[in-house]
Amino acid sequence: MAALEPAEPGLLVAEPLVRTETKIGYARVSTSGQKLERQLDALTAAECRKIFADKKSGKNALRPELKACHAFLDPGDTLVVPSLDRYGRSLQDLSNMVAELRECGIGFTSLHENLDTIPGGRLVFHVFAALAELIRELIVIGTSSPHWTNRPWSSRAPTLPH
């Protein structure tokens, strides 16, 4: 996207001024043990003309296929992702990348959350992005802290006072 010039100044552009109806997909798995097939099938079903895919952790900023995808996009295109957590590393990262897409006149659609960058979709996007970041942080805590799973309340339901 760095090579693209903004289509119109300002971030308040609801979506690309001229839609080309060209959908470009981006998929990502975090580990070599995960498989891309479900994401690729979803992007193919969404009629993406070209699909880029990374096998890199989302916390790693060096994602060569994402960089190639951004460079491939033209104003009027729509970037389609299987879900928000496959595209951005954090709420701030997602917001920045989607804002940059919008500045360049490129639309954005997330299939799992069923949202895009029209005005109402932008509001829902920020809510879902915040939830995706929260879920990712909870997963990291749950898998990295042995103390978290050894809490006395972790294996039983809480009791209410009488």
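Since the structure is predicted, the reported quantities are computational estimates derived from the model, not experimental observations.

Novice: Is there a simple way to explain the overall build of the chain in this structure?
Specialist: The number of helices and strands found in the chain is six helices and five strands. Listing each helix as α and each strand as β along the chain from the N terminus yields β-α-β-α-β-α-α-β-β-α-α. Residues classed as buried in the chain amount to 36% of the 162 residues present. Nonlocal contacts in the chain, meaning residues at least 24 apart in sequence, comprise 69% of its contacts between residues at least 6 apart.

Novice: Is there a simple way to think about the pattern of salt bridges in this case?
Specialist: Scanning all chains against the criterion turns up two salt bridges. Here Asp-93 and Arg-63 are joined by a salt bridge, their closest N and O atoms 3.8 Å apart. Here Arg-63 lies in the loop between strand E2 (50–55) and helix H2 (64–72) and Asp-93 lies in helix H4 (residues 91–103), a separation of 30 residues in the sequence. Note on Asp-93: relative accessible area 13%, which makes it buried.

Novice: Mind showing me how you'd approach unusual backbone geometry here?
Specialist: Peptide bonds are trans in most cases, and residues, glycine excluded, mostly fall at negative phi. A positive phi angle is found at Glu-47, which is not glycine, with a value near 65 degrees. Here Glu-47 is to be found in the loop between helix H1 (37–45) and E2.

Novice: In this structure, what is going on with the pairing of strand E1 (residues 23–29)? I would like to understand it.
Specialist: Looking down a regular strand, the side chains alternate between one sheet face and the other. A large share of E1 lies buried, amounting to six of its seven residues. Of the strand pairs in this sheet, E1 and strand E3 (residues 78–81) are connected by three bridges, and their pairing is parallel. For Ile-24, the partnering residue across the bridge sits in E3 and is Leu-79. Regarding the hand of the β-α-β motif, the stretch spanning E1, H1 and E2 is right-handed.

Novice: Is there a simple way to think about the packing of aromatic side chains in this case?
Specialist: Given two aromatic rings, one states the distance between the centres and the angle between the planes to describe the pair. Under the criterion given, the structure shown has three aromatic pairs. Ring centres of Tyr-26 and Tyr-87 lie 6.4 Å apart, and the angle between their planes is 70 degrees; this geometry places the pair in the edge-to-face category. One end of the pair, Tyr-26, is in strand E1; the other, Tyr-87, is in helix H3 (residues 84–87), with 61 residues separating them in the sequence. One exposure class covers both Tyr-26 and Tyr-87, and it is buried. Taken together, the ring pairs in this structure connect Tyr-26, Tyr-87 and Phe-108 into an aromatic cluster. One residue, Lys-50, lies across the ring of Phe-52, its end atom 5.1 Å from the ring centre. When the ring centre of Phe-72 is taken as origin, the NZ or CZ atom of Lys-50, which lies over that ring, is 5.8 Å away.

Novice: Before we go on, may I ask you to explain H4 in this structure?
Specialist: Helical geometry: 3.6 residues make up each α-helical turn, so side chains three or four residues apart lie on a common side. With 13 residues, H4 should reach 18 Å at 1.5 Å per residue; the first-to-last C-alpha distance of 18 Å fits that figure. Just downstream of H4, Gly-105 is the residue with a positive phi angle, here 75 degrees.

Novice: Even after reading the chapter, I still don't get the confidence of the model for the chain, so can you show me in this structure?
Specialist: With 65% of its residues at a pLDDT of 70 or more, the chain has an overall mean of 76. For the chain, the element scoring lowest by mean pLDDT is helix H6 (residues 146–149), at 55; H1 scores highest, at 96. Across residues 5–16 the pLDDT falls below 50, and counting only partners more than four positions away or on other chains, this stretch makes 27 contacts in the model.

The rules behind the values
- Residues numbered from 1 in each chain as written.
- Predicted model: local features only at pLDDT ≥ 70, side-chain atom pairs only at ≥ 80, totals over all residues.
- Heavy atoms only, no water.
- Helix = DSSP H or I, 4+ residues; strand = E, 2+ residues; numbered from the N terminus.
- Buried < 20%, exposed > 50% of the residue type's maximum accessible area, 1.4 Å probe, protein only.
- Contact = heavy atoms within 4.5 Å.
- Salt bridge = Lys/Arg side-chain N within 4 Å of Asp/Glu carboxyl O.
- Pairing = 2+ DSSP bridges.
- Right-handed = clockwise from strand over helix to strand, strands pointing away.
- Phe/Tyr/Trp six-rings, centres within 6.5 Å; stacked < 30°, edge-to-face > 60°.
- Lys NZ or Arg CZ within 6 Å of the ring centre and 35° of its normal.
- Expected span 1.5 Å × (residues − 1).
- pLDDT = per-residue confidence, 0-100.

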